[in-house]
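# An overview of the molecular structure
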Amino acid sequence: MRCVIARYPFDLTRTGVLESMKGVKPELVTGASVTIGRRRYPVKQVGRVLTRQDPRDFSAGEVTRAMARLGFTCHDGPQAAAVSGPTPLEAASALLGGETGPVAV
């Protein structure tokens, strides 16, 4: 499949991506990611490996679109954890006598 990443055309195939990412250790996922094989990689890392370009030269969206067209599962950024109580700031404020509302300590 022909795609354009950072203004340069690339011919990518599913098997070529799998081969390129074989043996590459995934970095910590903090934003958009793609599942390749059994591993989940940040899209910027995948783009860097496939294009050999600086990740600042392309957007995560460009790589995400290319990976989705090749049939890989793409994920948005990590979901925010559900807060089931006061935030650390609210708890500290309550301990210091601040009025932040009902906080059980």
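Scroll up to find the structure.
A brief report on the enclosed structure follows.

Quick notes on the rules
Residues numbered from 1 in each chain as written. Predicted model: local features only at pLDDT ≥ 70, side-chain atom pairs only at ≥ 80, totals over all residues. Heavy atoms only, no water. Helix = DSSP H or I, 4+ residues; strand = E, 2+ residues; numbered from the N terminus. Contact = heavy atoms within 4.5 Å. Areas by Shrake-Rupley, 256 points an atom, 1.4 Å probe, with all protein chains shown as cover. Buried < 20%, exposed > 50% of the residue type's maximum accessible area, 1.4 Å probe, protein only. Polar contact = N/O pair within 3.5 Å; in protein donor to acceptor, adjacent residues only side chain to side chain. Salt bridge = Lys/Arg side-chain N within 4 Å of Asp/Glu carboxyl O. Phe/Tyr/Trp six-rings, centres within 6.5 Å; stacked < 30°, edge-to-face > 60°. Lys NZ or Arg CZ within 6 Å of the ring centre and 35° of its normal.

### A closer look at the overall build of the protein chain
Along the protein chain, the regular secondary structure elements total four helices and five strands. Start at the N end of the protein chain and walk to the C end: the helices and strands fall as β-β-α-β-β-α-α-β-α. Within the protein chain, counting contacts between residues at least 6 apart in sequence, those at least 24 apart form 46% of the total. Counting only carbon and sulfur atoms, one obtains 53% of the accessible surface of the protein chain, whose full area is about 7200 Å².

### A look at the side chain of Thr51
Positionally, Thr51 belongs in helix H2 (residues 43–51). Assessed through its relative accessible area of 9%, Thr51 is described here as buried. Within the structure, the side chain of Thr51 is placed 2.6 Å from the backbone oxygen of Gly47, a separation counted as a polar contact. Apart from residues lying up to four places away in sequence, Thr51 is in contact with Ile5, Phe10 and Phe58.

### A short note on the pattern of salt bridges
Taken as a whole and judged by the stated rule, the model has four salt bridges. Note that Arg2 and Asp11 form a salt bridge whose closest N and O atoms lie 3.2 Å from each other. Judged by its relative accessible area of 58%, Asp11 is exposed.

### Overview of the packing of aromatic side chains
Inspection of every chain in the model, using the stated rule, returns zero aromatic pairs. Sitting above the plane of the Phe72 ring, Arg14 keeps its charged end 4.3 Å from the centroid. Across the ring face of Phe58, the terminal group of Lys44 is positioned such that the distance to the ring centre comes to 5.1 Å.

### A few points about the environment of Ile36
Counting through the fold element by element, Ile36 comes out in strand E3 (residues 33–36). Residue Ile36 is classed as buried on the basis of its relative accessible area of 5%. Here the alpha-carbon distance between Ile36 and Phe72, two residues 36 residues apart in the chain, equals 6.5 Å.

Read these as spatial facts, not as claims about activity.
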